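Results of the structural survey
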Amino acid sequence: MQLIDRIDRGFKAANFPRKGGLVDGSLSQQDCGFEVAADLEYWRDRDPDERLLREMHQELRKLSPDATRWILPHYLRYSLTEKAKYTRMETSFFVLSLVSRSDGDFQQIAKRLSSMSGEQIECLAKVLEHLNSESDWSEYMGESIEAALATLKSLER
């Protein structure tokens with residue numbers, strides 16, 4: 001599949017982040033993500049699988065830019081599978097993590113995606129466009145996909 005090849009090319013250098021570089025250090029004390037960092041550390045020397053995506057699906061907004069760049073291709077590949085259409089949860093939360101509802105959301109998303117190259121952002125947009133072109137996804141969350149794409153377009157400015 002062309003999109004899988006594009007993901008693999010675009011994210012080939014996305015290595016696991018350094019220790020201490022897994023979560024957004026500017027998070028409030030109550031939302032600091034210590035558990036998220038510990039959960040991610042488990043994957044430092046392992047091949048990511050669906051368990052990782054399931055564990056992180058509600059924590060994506062807590063990730064550092066480097067951790068986001070590392071985990072993103074795994075979500076992108078998974079979102080293109082038939083299983084993702086069936087379970088929906090991981091991909092849905094992934095898309096929603098890119099939807100900006102306020103200026104604060106936009107700034108947080110921009111920060112999280114800040115370590116990604118133009119090619120990687122474009123790859124992300126292509127996968128979202130692909131999802132939106134599929135009736136299963138467009139009927140289920142087309143508005144959210146379009147909102148995520150609008151966020152990405154705003155980043156280009």
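Whatever comes next refers back to the structure up there.
Below, the structure is looked at part by part. (Residues numbered from 1 in each chain as written. Predicted model: local features only at pLDDT ≥ 70, side-chain atom pairs only at ≥ 80, totals over all residues. Heavy atoms only, no water.)

1. Describing the side chain of Thr151
Among the secondary structure elements, Thr151 is positioned in helix 9 (residues 135–155). Look past the residues within four positions of Thr151 in its chain and what remains in contact with it is Leu98, Val99, Ser100, Phe106 and Ile109. (Helix = DSSP H or I, 4+ residues; strand = E, 2+ residues; numbered from the N terminus. Contact = heavy atoms within 4.5 Å.)

2. Side note on the packing of aromatic side chains
Applying the stated rule across the entire model yields 4 aromatic pairs. For the ring pair Trp137 and Tyr140, a centre distance of 6.2 Å and an interplane angle of 65° mean the geometry is edge-to-face. One end of the pair is Trp137 and the other is Tyr140, both in helix 9 and 3 residues apart, which spans about a single turn. Over the face of the ring belonging to Tyr42 we find Arg46, whose NZ or CZ atom lies 3.8 Å from the ring centre. The residue whose ring lies beneath Arg88 is Tyr140, and the NZ or CZ to ring-centre distance is 4.0 Å. (Phe/Tyr/Trp six-rings, centres within 6.5 Å; stacked < 30°, edge-to-face > 60°. Lys NZ or Arg CZ within 6 Å of the ring centre and 35° of its normal.)

3. A look at the pattern of salt bridges
According to the stated counting rule, one finds 13 salt bridges in the structure shown. Residues joined by salt bridges that share partners form a network here, namely Glu50, Arg54, Lys83 and Glu90. (Salt bridge = Lys/Arg side-chain N within 4 Å of Asp/Glu carboxyl O.)

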